[in-house]
Amino acid sequence: MSRVAQQGPAVAALEESTARLETSRWRRFVAQFASSKAAMVSLLVLLVAIGAAVLAPWISPQNPYDLAALDILDAKLPPGSKNFDGSLTYWLGTDGQARDVLSAILYGMRTSLFVGFVSVTAAFLIGAAVGLIAAYFGGRMDAFLMRLVDMQLSFPSILVALVLLAALGKGVDKVIIALIVVQWAYFARAARAAAIVERNKEYVEAASCMALSWHRILWRHVFPNCIPPLMVIATIDLAHAIALEATLSFLGVGVPVTEPSLGMLISNGFEFLLSGTYWICFFPGIALAVVVVSINLVGDHLRDILNPRNEV
Amino acid sequence: MSAELIMQVQGLRRDYVQPSDFIDFIGRKLRGQGKPPPVQAVMGVDLDIRHGEVLAVVGESGCGKTTLGRMLTGIIPPTAGRVLYKGRDIAGLTGAARREYDLAVQMIFQDPYSSLNPRMRVGDIIGEAPVVHGLVSRAERDEYVCSLLRKVGLDPGYRERYPHQFSGGQRQRVGVARALALKPSIIVCDEAVAALDVSIQAQVLNLFMDLRRDFDLTYVFISHNLGVVSHISDRVAIMYLGRLVELADTEEIFARANHPYTQALLKELPVLSAGKRRFDPISGELPSPANPPSGCAFHPRCPLAMAKCREERPVLQEVAPQHWSACHLNDVSGAAGAAGPGTPVADRHLHNAPQTETA
Amino acid sequence: MAKQSDMNGNNDLLLDVQGLKTWFYTRDGVVKAVDGVSLQLKRGEILGLVGESGSGKSVTGFSIMGLVGERGKVHAERMMFDGYDLTKVSAEQMRSLRGSRLAMIFQDPMMTLNPTLRIDTQMMEAVHAHEKVSRRAARERSLEVLRMVGIPAPEARLKAYPHHLSGGMRQRIAIAIALLNAPKLIIADEPTTALDVTIQGQILYEVQKLCREMGTALIWITHDLALVSGLADRMAVMYAGHIVESTSTAELIERPMHPYTHGLMSSIPSLGTRGQPLFQIPGSTPSLLHLPPGCAFRTRCYRADAQCEHAPSLLPVGDDHLVSCWHSGEKS
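Residues numbered from 1 in each chain as written. Chains lettered and ligands numbered in written order. Predicted model: local features only at pLDDT ≥ 70, side-chain atom pairs only at ≥ 80, totals over all residues.

(A) Representation of the overall build of chain B in the model. A count of helices and strands for chain B gives twelve helices and twelve strands. Against the globule reference of 21 Å for 359 residues, chain B gives a C-alpha radius of gyration of 23 Å, in line with a compact fold. Here chain B holds 359 residues, and 46% of them are scored as buried. Taking the intrachain contacts of chain B between residues at least 6 apart in sequence as the baseline, contacts between residues at least 24 apart amount to 67%. (Helix = DSSP H or I, 4+ residues; strand = E, 2+ residues; numbered from the N terminus. Rg over C-alpha atoms; globule rule 2.2 N^0.38 Å. Buried ≥ 20, exposed ≤ 12 C-beta atoms within 10 Å, placed from the backbone. Contact = placed C-beta atoms within 7 Å.)

Set out below in structure tokens:
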């Protein structure tokens, strides 16, 4: 039930009559977002994670992929141990190749987040375009495009990704392509639903009355008003993409060893999980879980506050 | 106001096909029925719009006035019929001439809350189309928008604001500015003041009249409110279930309404009264366009209905100079109980009983 | 606070509201939607509460019904209804009053009707909520009220769902539901605003007949002065949370005293105003968050002067005619 309706018809009548010249929309949005402590904490965690990932080359204690910096004697050291000459503390231990796990997580998060953001952004744009066109033109175009979407959605994402990667081979770019193919359909469906609602509103009629071209109407008028539900999907999808990429890397078909992601790290550490050197697998797993949960919490809260009933 | 016709509408029709899903399709096949019949929202309307006039189109839900307005502005294409702009059939227009027509007819919408794009600044809402169509250059745009805002009574400093920061009346003014920006000849007002408070309504109506004078505009004023119509319009067209039932000058219609539906609408018109009113409404529900009554669409509710009204649909006849009405009661054929076209409203009811009285 | 002159008639008063204030505490400040409203209604009387958006007329109705949500605080010096003190009554008692003695009709009939339930289910539920009667008796009563509001073939209507019915029919059913338990007072908030003119006429006819036959009192909240003038015994005009003028209908129409009432009546377009610009009250309703001190209408009033910086109060100007203005008087 909408927040306004929950408070009863009296407040509904009141909201209409009070002039809203005061607060700008952005400030209201920020205030609403801040009302959930869970979301604020998650957002903070996420920003820290993103910041750490972006700054990885500068802030990580060691570049784990620089073979010259590794000392094989430091392999499989537990968390907190120091290296041979005491200059470096392995806060989270080292893995089988003497790589500092903390540094590996930072670099891994970099890859994971990069893959996630790029694939979601591309899927967003492609899916939105398809959905908007389907909604605006209706009829056969709509039916055709939506059948494509349905077909895409009826296959399990992992299966589609596996098949694609088998065909395309390994590589970060190939993984991104596979993720785009798997994700665009969700955006298309949401965009179409939002656009169908907006299409019948009077401001779109006004735009066609003013003889504006269909692509201008779609891009400049309809699309900006469809963004809220798409933003929510993008946020949750980011979590899916990162998790999916982790799965693929865990299975060994994702990113190459030279550019590992969190999933790859988990995969590498898996064999050691039950033999006492748990930290090689455990900490990357925690990092992945924290990132995914934070994104989900932020996305959940966004969905609540961006609900169209609360909009103008 | 000259008698020159700026726009003519001939036999305008708009059908909506009822969407049926797959199950429905199979059901129809099994029963041997064809496709579902289309719903006729507008069933053949002829109208002449004179340059500089305010022509009101009045009716209730389902009468098709909104669809008619959208066909005039080109938002919806007609299913059949012709539209002539300045004497030329618009169907034959291409290129610059077609563009001229597209821009010449603009609309002001009913809902001030959904008729402005909530994500665009007001200056952009007004200024976008003129720049796209080359009416003003990008450099001149800002000045143009400011001058338009001033003309509609808004502070030009507000052009950076978003619609939700304005009140309903102010938003309607923005809608007016947006329509004016394209230098139109005809503005279709689709219930443009229905959602406004009385005091704001008065301001906006006055604005319409000032603009008409300043910009030599012609208005097609769609409304259900006969009070507003009586004040602002020169001629009134009454619609019922997709057709015109009466058309005349405003003063003529209010003094000598001919069609029983018009008479009923006039009787319902609320006026300030010191004493209690005796309400005497017509019975029945508005018919659905999907299932229109036979013959005259109004006959199930008409207090003066005859047998003929059920069988044959009446056509518009000129019952007085420049006064058309579609009602069998006007047939000068000696039909029992028929009251003549010029009979005052009150006397019509006296002719209900079968008398041999003729016009 | 001015009191009505007929003190001895207090026992006939069905509703006696004095000093009603409903304030909403929002993030941006306090919105004084209703700021000191007094209303009195005799049994069987019809009151027209007139105002534009932001005047507080709807919130007044909600406050009396106890339907103001948690963000609003309702405070009244006195709010007596049919012997009950509404300021002291418990939530449980209020619930039992609402729907039995006190009923409300909303602008949108879908605020009364549940789209997922059949009409008969909803109506019988409304009966059972207040009285223990058999299903058959509840059904009989439902049919009876449906006939009372002029619905043809009521048995068929009972079996329908709301979405099968037209807007006018739904509103009639909403009115019927309000009548089910023979309330003493009905508060109608813009019930015909969204309806077509001919349907509006039908509903007005039914409501007028019902109030006469059943002796129900009615508060008809609207922005349409002309419409309610044909129906109401008394009228009250509201502006920015206050009542600015209150008297019998005849007196208000013939001798309005408050400049806002003058403005409202002059702004109404009609055949008589053809050819000249309509009188327009300059400016627009002030934001309820930032009301100017003194008279709220001051910034738009053609009679305003320095004295208006002090808020006027509702004072009698003649027989049973209350006006809140330093410069009240007939239109010049």
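Having seen the model, we can carry on.
(B) Molecular detail of the sheet that holds strand β1 (residues 5–16) of chain B. All names here are of chain B. On the basis of which strands lie adjacent, the open sheet formed by four strands has the order β2-β1-β4-β5 and antiparallel pairing. Either end of the sheet is taken by a strand with one partner, and the two such strands are β2 (39–50) and β5 (88–89). Note: β1 against β2, nine bridges, orientation antiparallel. Bridging across to β2, L5 finds its partner in R50. (Pairing = 2+ DSSP bridges.)

(C) Structural view of the sheet that holds strand β8 (residues 185–189) of chain C. Residues and elements named next belong to chain C. Strand order in the open sheet formed by eight strands is β7-β8-β9-β3-β10-β11-β13-β12, with mixed pairing between adjacent strands. With one partner strand each, in any of the chains shown, β7 (102–105) and β12 (315–316) form the two edges of the open sheet. For β7 and β8, the ladder comprises four bridges, and the chain directions are parallel. The residue of β8 that forms the bridge with I105 is A188. In the packing of helix α6 (residues 167–179) onto the sheet, the strands contacted are β7 and β8, and the crossing angle to β7 comes to about 175°. (Axes fitted to C-alpha atoms, helices over the stretch in contact; angles between N-to-C directions.)

(D) Looking closely at the interface of chain C and chain B. Counting residues at the interface gives 41 residues for chain C, matched by 36 residues for chain B. At the level of secondary structure, the elements contributing two or more residues to the side of chain C that touches chain B comprise α7 (197–214), α8 (225–229), α9 (249–254) and α10 (259–266) of chain C. A per-element tally of the side of chain C that touches chain B places α7 of chain C first, with eight residues. Per-class residue counts for the side of chain C that touches chain B are 18 nonpolar, 18 polar and five charged. (Nonpolar A, V, L, I, M, F, W, Y, C, P; charged D, E, K, R; others polar.)

(E) Broad picture of the domain arrangement of chain B. Residue and element names in this part refer to chain B. Taken domain by domain, chain B holds domain 1 (5–18 + 35–245) and domain 2 (258–274 + 295–359). The C-alpha-based centres of domain 1 and domain 2 are spaced at 32 Å. Each partner contributes to the interface: domain 1 provides eight residues, whereas domain 2 provides eleven residues. Of all elements in the fold, only α8 (226–232), β9 (235–240) and β10 (243–249) reach the threshold of two or more residues within the side of domain 1 that touches domain 2. With three residues, β10 is the single largest residue contributor to the side of domain 1 that touches domain 2. (Domains from an automatic or database assignment.)

(F) Structural detail: the pairing of strand β7 (residues 186–190) of chain B. Residues and elements named next belong to chain B. Most of β7 sits out of view: five of its five residues are buried. By the alternation rule, side chains of β7 split into I186, V188 and D190 and I187 and C189, which are all buried. Where strand β6 (residues 105–108) lies against β7, four bridges are found, and the strand directions are parallel. Looking across to β7, one finds that I108 is bridged to C189. Taken together, the five bridges between β7 and strand β8 (residues 218–223) define a ladder with parallel strand orientation. When the bridges of β8 are listed, I187 appears paired with Y219.

(G) Region of interest: the interface of chain B and chain A. Taken together, the 25 residues of chain B in the interface contact 18 residues of chain A. Where the side of chain B that touches chain A is concerned, the elements lending two or more residues are α3 (95–104), β6 and α4 (122–132) of chain B. Of all the elements, α3 of chain B adds the most residues to the side of chain B that touches chain A, at three residues. The residue makeup of the side of chain B that touches chain A, split by class, is ten nonpolar, ten polar and five charged.

(H) Geometry of helix α7 (residues 139–154) of chain A. For α7 of chain A, spanning 16 residues, the distance from its first C-alpha to its last is 22 Å, which sits close to the expected 22 Å at 1.5 Å a residue. Within α7 of chain A, only one of the 16 residues are buried, which leaves the element largely exposed. (Expected span 1.5 Å × (residues − 1).)

(I) Main features of the domain arrangement of chain C. Residue and element names in this part refer to chain C. Annotation of chain C at the domain level lists domain 1 (9–101 + 184–323) and domain 2 (112–180). Contact residues are listed per partner, giving 13 residues for domain 1 and twelve residues for domain 2. By residue class, the composition of the side of domain 1 that touches domain 2 is seven nonpolar, four polar and two charged.

(J) Summary view of the environment of F114 of chain A. Following the sequence through the fold, F114 of chain A ends up in helix α6 (residues 101–137). Expressed as a C-alpha distance, the spacing of F114 of chain A and G254 of chain A, which sit 140 residues apart in the sequence, is 14 Å.

(K) Spatial organisation of the packing of helix α9 (residues 172–199) of chain A against helix α11 (residues 214–250) of chain A. All names here are of chain A. Two elements in contact, α9 and α11, have axes whose closest approach is 9 Å; the angle formed by their N-to-C orientations is 155°. Of the possible angle classes, the one that applies to α9 and α11 is roughly antiparallel. Considering only the axes of α9 and α11, their crossing is right-handed. Residues V175, L179, Q183, Y186, F187, A190, A191, A194, A195, E198 and R199 of α9 pack against V222, N225, C226, P229, L230, I233, D237, A241, L244, E245 and L248 of α11. Along the lines of polarity and charge, the residues of the contact of α9 with α11 split into 16 nonpolar, two polar and four charged. (Parallel < 35°, antiparallel > 145°, perpendicular 65-115°, else oblique. Left-handed = near helix turned anticlockwise from the far one by under 90°.)

(L) Focus on the nonpolar core. Counting residues in hydrophobic clusters, the biggest one holds 272 residues, and the most contacted among them are L179, F187 and A191 of chain A, V220, F221 and A237 of chain B together with W220 of chain C. Take this core: its biggest share by element is 18 residues, from α6 of chain A. If near-sequence neighbours (up to four positions away) are discounted, W220 of chain C is found in contact with I46, G48, L49, A188, V228, L231 and A232 of chain C. (Core = buried A, V, L, I, M, F, W, Y, C linked by C-beta atoms within 7 Å.)

(M) Fine view of the confidence of the model for chain C. Residue and element names in this part refer to chain C. For chain C, mean pLDDT is 88; residues scoring 70 or higher make up 96% of the total. Taken element by element, the predicted model of chain C shows its lowest mean pLDDT in β12 (87) and its highest in strand β3 (residues 46–50) (95). The model gives residues 1–9 a pLDDT under 50, and that stretch makes eleven contacts with residues more than four places away or in other chains. Scoring of the predicted complex yields 0.83 for pTM and 0.86 for ipTM. (pLDDT = per-residue confidence, 0-100.)

(N) Here's a closer look at helix α2 (residues 65–73) of chain B. Among the nine residues in α2 of chain B, eight count as buried, and that is most of the element. By the burial criterion, the buried members of α2 of chain B are K65, T67, L68, G69, R70, M71, L72 and T73 of chain B.

(O) Seen up close, unusual backbone geometry. Backbone geometry places K183 of chain B, a non-glycine residue, at a positive phi of 50°. Relative to the helices and strands, K183 of chain B resides in the loop between α6 (168–180) and β7. Taking the number of C-beta atoms within 10 Å as the measure of exposure, K183 of chain B has 14 and is therefore partly exposed. Positive phi values are uncommon outside glycine, yet A182 of chain C reaches one of about 50°. Within the secondary structure, A182 of chain C is located in the loop between α6 and β8. The class of A182 of chain C is partly exposed, set by 13 C-beta atoms lying within 10 Å.

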